[in-house]
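Tertiary structure, described
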Amino acid sequence: MPLTPVLLVEDDPTDFRLIQRAFNKLSNGFQMFRLTNGDEAVEYLAGDGPYENRGAYPMPAILLLDLKLPRRSGFEVLEWLRRQVSGLNRLPVIILTSSRHSTDINRAYDLGANSYLVKPDTGAQLEELAAQFRTYWLRMNEFPSLRPEIAR
Amino acid sequence: MPKPPAVVPPVATLSGIKSSDVFSRLVDTVSDYAIFVLDPRGNISSWNPGAQKLKGYSAAEIIGKHFSVFYTAADLAKDKPGYELAAASKVGRFEDEGWRVRKDGSRFWANVVITRLLDDEGGLIGFGKITRDLSERRLSETRYRLLIDGITDYAIFSLDATGHVTSWNSGAQRIKGYTPDEIIGKHFSAFYPDEDRKAGFPETVLHTAEKEGHFEGEGWRVRKDGSKFWANVVVTALRDEEGTLTGFSKITRDLTDRKLLLDELKRHAAELELRVRERDQSNAELEAFAYSVSHDLRAPLRAISGFADALREECAQQLDQSGLDYVKEISDASRRMNNLVQDLIEYGRVGRISAPLASVNLLNAINEATRQLGEVPAGSLKVDVRADLFVCAHPQMLTQVIYNLLSNALKFHKKDSVPQVCASAEEHDGVVRLNVRDNGIGIAPEHQERIWNVFERLHDRETYAGTGIGLAIVKRAADRMEGSSGVISQPGDGSTFWIELPRGPAK
């Protein structure tokens, strides 16, 4: 069975390392790709430049997106994504951020986020989050097609 | 004295008495008016009881005397009696008001009407004279005039129908600077600034007063010396009995001080508005600051805590007991710091929330807060609040406040005893009071003020954990929701923390 590709956009290397550690504790079944800014995220999803090579950079089944990112914020990435008409707009997006601000939460859902998670404060909580994420989003959830197919 | 006959024609039918006799009898009964006849030269030829009462002379004393005896020396010097007779014989009638002299030398203010009497051929046969004592009226008019003259805070003056000044009180002189001699006869438009005069404003004022009976306004007026003052002006149209416009009365007040004060107030208000805008802006900056604190400050905290966990899990074998203790200290410290940052953010947020208050069901808010509390020792929390109580509040803020009060009450229990916390509510005069009573350690009176301050702690961290911000949030939130908060407590005797909020309409 091919590994499910997960795209993580996270600029903080420490946070990335902690997230990576938590996810690595799980038995695999997915493959994580990491980007560090919003522009890269858009290029990756659009298949621009090196990302044209979908063998090396497969289209993700799900996007884990931080909000506060260099160059282009998570909001802008989300906005761009939901504006696409190729089917890419259906990509499930899960916000993973440290902001608990209601303005951020509301804006993210307004722009079409599928879920909003706040980075936990301890390693144990982060491991719990990773396990729940895998169970729900990677095992229970049905993924949409990202091609221009008409819903029937 | 004969009964006064009714004066109804035909008089000839009255007991056959000649009409001229009837009139002379009528005149004889009048005691409020002096009615008498002068011959063409001014000598008195008849005298009625009214004349005797008014002037003091009996008929015998005065008949045949010249009527000039009734005049003051000053009037005699001007030959006023001669002038009056000449005027009456020329035009038929002369009316005058002025001082007259009684027999005893005292004066009275008289209204005098002299009427020319002609025979059938038009020859002058004498004068009829009717005199009324107007002293009373004169007195009240004098008092009135003195009263108006004495008023210095108001300019009170009159204008004729075309706007020329006809009287001038001392207040008018004080406020506008003109003496009566300088201004009487002049047009009142002199009081207006050039631009108003050019715009025809004085005419508009008179026109409005004439049409509506009244004009009131405020504006700049000009003194004699050219300086300006802020005036409140009332102009009233004056009309005689027939309704013909005879002139205007004008009352002007100098409100320059008040105007300047008001202008200053307006300036202050504008300045305040500016400050508020500046504060709003600095609030926005503060908001940005709080945002970056919540976002950036917590990232290294997550790292400290996360890697401390990793160290314990992955490198436990390489660490001895004290090494493991140190790792635990790091974890605990980062957790405390995280709580502090979170509470501070909450404290800042409570101060900034400006969402409108809504009617919130109190019991629902308590249930939400207890849900957030999670596990509490069995039987330690009792809620005794009616389901139909509503308060005006911000829903999340209220839940936060109740959460803080309940967790405090559960936390500060006596050593080795189970906490007993009871939340109850009462309503009085449109205010709902929520009491959170505990059986804990209580608070000494001298500390009951301090506990509401940020970072205020009464205990070391090892005895009772906490950031020292919880009650500060309660107080701030209660204030923001237009309510209040407080505590009743005795050391060792438990505490009752309370908040009061306006009652909300049931939904």
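Just so you know, the residues in each chain are numbered from 1, in the order the chain's sequence is written. Naming scheme: in the order in which they are written, chains are lettered from A and ligands are numbered from 1. Under the rules for a predicted model, residues below a pLDDT of 70 receive no local features and side-chain atom pairs below 80 are neither given nor counted, while totals for whole chains, interfaces and linings still include all residues. With hydrogens and water stripped out, all remaining heavy atoms of the structure feed into the side-chain values.

A helix here means a DSSP run of H or I that spans at least four residues, while a strand means a run of E at least two residues long, and both kinds are numbered starting from the N terminus. The secondary structure content of chain B amounts to 15 helices and 16 strands. We call a residue buried when its accessible area falls under 20% of the maximum for its residue type, exposed when it is over 50%, and partly exposed in between, using a 1.4 Å probe and counting protein chains only. For chain B, with 507 residues in total, the buried portion stands at 38%. When checking whether two residues touch, look at their non-hydrogen atoms; a contact exists if any pair is within 4.5 Å. Across chain B, contacts joining residues at least 24 apart in sequence account for 51% of those joining residues at least 6 apart. For every accessible area listed, the method is Shrake-Rupley and the probe measures 1.4 Å; residues are considered covered only by the protein chains on display. Total accessible area on chain B stands at roughly 28500 Å², and carbon and sulfur atoms take up 54% of it.

Bringing the overall build of chain A into the picture now. Scanning chain A from terminus to terminus reveals 5 helices and 5 strands. When its helices and strands are written in sequence order, chain A yields β-α-β-α-β-α-β-α-β-α. Counting every position in chain A, which comprises 152 residues, the buried fraction comes to 48%. In chain A, once contacts between residues fewer than 6 apart in sequence are set aside, the share between residues at least 24 apart is 65%. Only carbon and sulfur atoms are counted for the fraction: they give 48% of the accessible area of chain A, which is about 7700 Å².

A separate point is the sheet that holds strand β2 (residues 93-101) of chain B. Residues and elements named next belong to chain B. Strand pairing is defined by DSSP finding a minimum of two bridges between the two strands. The strand order β1-β4-β3-β2 describes an open sheet built from 4 strands, whose pairing is antiparallel. The open sheet has two edge strands, β1 (34-38) and β2, and neither has a second partner. Looking at each pair of strands side by side, their axes are set apart by 25 degrees on average, direction ignored. Taken together, the 5 bridges between β1 and strand β4 (residues 124-133) define a ladder with antiparallel strand orientation. Looking across to β4, one finds that Leu38 is bridged to Phe127. All axes are obtained by fitting lines to C-alpha atoms, using only the stretch in contact for helices, and the reported angles, taken between N-to-C directions, cover 0 to 180 degrees. Strand contacts of helix α6 (residues 135-150): β2, β3 (107-118) and β4, with the helix running at about 125 degrees to β3, the strand carrying the most contacts.

What follows is about the interface of chain A and chain B. At the junction of the two partners, chain A supplies 22 residues and chain B supplies 18 residues. What gets called buried area is simply the loss in accessible area from a 1.4 Å probe that two parts show on being joined, summed for both. Together chain A and chain B conceal approximately 1900 Å² of surface at their shared face, both sides included; 45% is due to carbon and sulfur atoms. Any carboxyl oxygen of Asp or Glu within 4 Å of a side-chain nitrogen of Lys or Arg constitutes a salt bridge here. Scanning the region where chain A abuts chain B turns up 4 salt bridges. Two N or O atoms form a polar contact when they lie within 3.5 Å of each other; inside protein one atom must be a possible hydrogen donor and the other a possible acceptor, and for residues adjacent in sequence the pair counts only when both atoms belong to side chains. Connecting chain A to chain B are 7 residue pairs in polar contact (both at pLDDT 80 or more). Breaking the side of chain A that touches chain B down by element, the ones donating at least two residues are α1 (13-24) and α5 (123-140) of chain A. Here the residues of the side of chain A that touches chain B are counted per class, giving 3 nonpolar, 7 polar and 12 charged. The classification used treats Ala, Val, Leu, Ile, Met, Phe, Trp, Tyr, Cys and Pro as nonpolar, Asp, Glu, Lys and Arg as charged, and all other residues, Gly among them, as polar.

This paragraph deals with helix α2 (residues 38-46) of chain A. Residue and element names in this part refer to chain A. Of the positions making up α2, those classed as buried are Gly38, Ala41, Val42, Tyr44 and Leu45. Projected down its long axis, α2 carries its buried residues within an arc of 160 degrees, all on one side. Within two residues after α2, Gly47 carries a phi angle of roughly 75 degrees, on the positive side. The directions from the helix axis to the C-beta atoms form the arc being described.

Moving on, we get to the environment of Ile183(B). Residue and element names in this part refer to chain B. Assignment of secondary structure puts Ile183 in helix α8 (residues 180-183). A residue is classified by how much of its surface remains accessible, and Ile183, at 2% relative accessible area, is buried. With 15 residues separating them in the primary sequence, Ile183 and Trp168 have C-alpha atoms 8.0 Å apart. If near-sequence neighbours (up to four positions away) are discounted, Ile183 is found in contact with Val165, Trp168, Tyr178 and Phe191.

This part is about the packing of aromatic side chains. Residues and elements named next belong to chain A. Pairing of aromatic rings covers Phe, Tyr and Trp, the last counted by its six-membered ring, and requires centre-to-centre distances within 6.5 Å; plane angles under 30 degrees mean stacked, over 60 mean edge-to-face, and any other angle means tilted. Across all of its chains, the model carries 25 aromatic pairs over all chains by this definition. Aromatic pair Phe33 and Tyr44: ring centres 6.4 Å apart, planes at 55 degrees, arrangement tilted. Taken as a pair, Phe33 in strand β2 (residues 30-35) and Tyr44 in helix α2 lie far apart in primary sequence, 11 residues in all. The class for Tyr44 is buried, based on a relative accessible area of 1%.

Glancing now at unusual backbone geometry. At Arg71(A), a position not held by glycine, the phi torsion is positive, near 70 degrees. For Arg71(A), the position within the fold is in the loop between β3 (62-65) and α3 (74-83). With a relative accessible area of 67%, Arg71(A) lands in the exposed category. One non-glycine residue, Asp79(B), lies in positive phi territory at about 50 degrees. Within the fold, Asp79(B) resides in the loop between α4 (73-77) and α5 (80-91). The class for Asp79(B) is partly exposed, based on a relative accessible area of 45%.

Attention now goes to the nonpolar core. Residue and element names in this part refer to chain B. Formed by 38 residues in total, the largest nonpolar core has its most connected members in Leu362, Leu398, Ile402 and Leu434. For this core, the element with the highest residue contribution is helix α14 (residues 395-411), accounting for 8 residues. Beyond its immediate chain neighbours, meaning those up to four positions away, Ile402 contacts Leu362, Ala365, Ile366, Ala369 and Leu434. Here, nonpolar core refers to any group of buried Ala, Val, Leu, Ile, Met, Phe, Trp, Tyr and Cys residues whose side-chain atoms link them within 4.5 Å.

Moving on, we come to the packing of helix α12 (residues 321-352) of chain B against helix α15 (residues 470-480) of chain B. Residues and elements named next belong to chain B. Look at α12 against α15: their axes get within 9 Å of each other, and the N-to-C directions meet at 15 degrees. As far as their axial angle goes, α15 and α12 are roughly parallel. The handedness of the crossing between α12 and α15 is left-handed. When α12 is examined against α15, the residues Asp343, Glu346, Tyr347, Gly348, Val350, Gly351 and Arg352 are found in contact with a partner set consisting of Ala472, Ile473, Arg476, Ala477 and Arg480. What sets the label is the angle itself: under 35 degrees gives roughly parallel, over 145 gives roughly antiparallel, 65 to 115 gives roughly perpendicular, and the rest give oblique. Helix crossings fall into two classes, left-handed where the near helix is turned counterclockwise from the far one by less than a right angle and right-handed where it is turned clockwise.

Right, let's get into the sheet that holds strand β4 (residues 93-97) of chain A. Across a sheet, paired strands are connected by hydrogen bonds in the backbone, their directions being either parallel or antiparallel. Residue and element names in this part refer to chain A. With parallel pairing, 5 strands are arranged side by side in an open sheet as β2-β1-β3-β4-β5. Across the chains shown, the open sheet's two edge strands, defined by having one partner strand only, are β2 and β5 (115-118). Each strand of the sheet is rotated relative to its neighbour by a mean of 20 degrees, with strand direction disregarded. Two elements, strand β1 (residues 4-9) and β2, share 6 bridges in a ladder whose sense is parallel. What sits directly across from Val9, in β2, is Leu35. Most of the contacts of α1 go to β2, to which it runs at about 180 degrees, and overall it touches β1, β2, β3 and β4. Running over the sheet, α2 touches β1, β2 and β3 and is turned about 130 degrees from β2.

Residues and elements named next belong to chain B. Summarising the sheet, β2 and β3 pair through 9 bridges and their orientation is antiparallel. Residue pairing for β3: Val101 is matched across the bridge by Arg107. Connecting β2 to the antiparallel partner β3 that follows it, the hairpin turn spans 5 residues, and Gly105 within it adopts a positive phi of roughly 90 degrees.

Residue and element names in this part refer to chain B. Known as pLDDT, the predictor's per-residue confidence is scaled from 0 to 100. For chain B, mean pLDDT is 86; residues scoring 70 or higher make up 94% of the total. By mean pLDDT, the top-scoring element of chain B is strand β14 (residues 431-437) (94), and the lowest-scoring one is helix α1 (residues 19-29) (76). Taken as a whole, residues 5-14 scores under 50 in pLDDT and shows 8 contacts with residues more than four places along the chain or in a different chain. Across the interface, the model reports ipTM at 0.71; the global pTM reads 0.49.

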